[in-house]
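# Summary of structural features
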Amino acid sequence: MADLSGAQRGGPDDGRASERARLHRAFAPRRARVVAVAVGAAALLGGLLLAVLVPELGTFDRVGFVVVGALVAGFMALQARVRVVVDERGLQVQNLFLSRRLEWAEVVQVRFGGGQPWVQLDLSDGDVLPVMAVQRADGAAAEAEAQRLATLVALHGPRDDG
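Here is a short report on the structure shown in this document. Source: prediction; values computed, not measured.

Attention now goes to the overall build of the protein chain. For the protein chain, the count of helices and strands is five helices and six strands. Secondary structure elements of the protein chain, listed N to C terminal, follow the sequence α-α-α-α-β-β-β-β-β-β-α. The proportion of buried residues among the 162 residues of the protein chain is 35%. Long-range contacts, defined as pairs at least 24 residues apart, comprise 46% of the intrachain contacts of the protein chain with a sequence gap of at least 6. Surface exposure of the protein chain reaches about 9,400 Å², of which carbon and sulfur atoms provide 63%.

Okay, here's the thing in structure tokens:
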């Protein structure tokens, strides 16, 4: 591991430390997050407006519109929180419903191909973990993020010194 103490003092390691910090920033989808927030807000606002502004609705219908708007907004909030947080020890993958903490040594390979909508991690136990934070919908930015994740895996993964 590189000694980052020089970077903290403004020494000659500033370049390496800033590159390391750039590599270790969190992963999050771009378009999906914007769409999720917009759709969630529109659904909640739409349900509320329908409940308040349509005079011929009964109480059950009014409550129904608000509940449906809130459910859609809640689901969109789950989509908006999708991310991967990385540190020196490993990564925390937060997908739509599940969260999983992995040590770097558990990640064997990063794959982003074959028409998959998001990155997939091949794990040492034989499992495959989807990473919804890097989505094909983000185009070239997603390709760059997948490469950044693969670089982190190579940087932190087990070393073959033999």
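Read from one edge of the open sheet, three strands run β1-β2-β3, paired in antiparallel fashion. Since the sheet does not close on itself, it has two edges, and those belong to β1 (83-86) and β3 (99-103), each with one partner. Adjacent strand axes in the sheet meet at a mean angle of 15° when their direction is disregarded. As defined by bridge partners, strand β2 (residues 90-94) adjoins β3 across five bridges and the pair is classed as antiparallel. What sits directly across from Leu91, in β3, is Leu102.

Below, the discussion takes up the environment of Ala142. Mapped onto the secondary structure, Ala142 falls in helix α5 (residues 140-156). Sequence-wise, Ala142 and Trp118 are 24 residues apart; in three dimensions their C-alpha atoms are separated by 8.6 Å. Each residue touching Ala142, except ones within four places of it in the same chain, is listed here: Phe112, Val134, Gln135 and Arg136.

The next thing to look at is helix α3 (residues 31-53). Its 23 residues give α3 an end-to-end C-alpha distance of 32 Å, which sits within 8% of 33 Å, the value for a rise of 1.5 Å per residue. For α3, the complete set of buried residues consists of Ala32, Ala36, Gly40, Gly47 and Ala51. Contacts made by the buried residues of α3 are with α4 (59-80) and β6 (128-135).

Our next topic: the packing of aromatic side chains. Summed over the entire model, instances satisfying the criterion amount to one aromatic pair. One Lys or Arg, Arg136, reaches over the ring of Phe112 and ends 4.1 Å from the middle of that ring.

Where burial is concerned, most of β6 is hidden: six out of the eight residues are buried. Judged from the five bridges that link them, strand β5 (residues 118-123) and β6 form a sheet pairing that is antiparallel. Each residue of the ladder has a partner; that of Trp118, found in β6, is Gln135.

Rules used in this analysis
- Residues numbered from 1 in each chain as written.
- Predicted model: local features only at pLDDT ≥ 70, side-chain atom pairs only at ≥ 80, totals over all residues.
- Heavy atoms only, no water.
- Helix = DSSP H or I, 4+ residues; strand = E, 2+ residues; numbered from the N terminus.
- Buried < 20%, exposed > 50% of the residue type's maximum accessible area, 1.4 Å probe, protein only.
- Contact = heavy atoms within 4.5 Å.
- Areas by Shrake-Rupley, 256 points an atom, 1.4 Å probe, with all protein chains shown as cover.
- Pairing = 2+ DSSP bridges.
- Axes fitted to C-alpha atoms, helices over the stretch in contact; angles between N-to-C directions.
- Expected span 1.5 Å × (residues − 1).
- Phe/Tyr/Trp six-rings, centres within 6.5 Å; stacked < 30°, edge-to-face > 60°.
- Lys NZ or Arg CZ within 6 Å of the ring centre and 35° of its normal.

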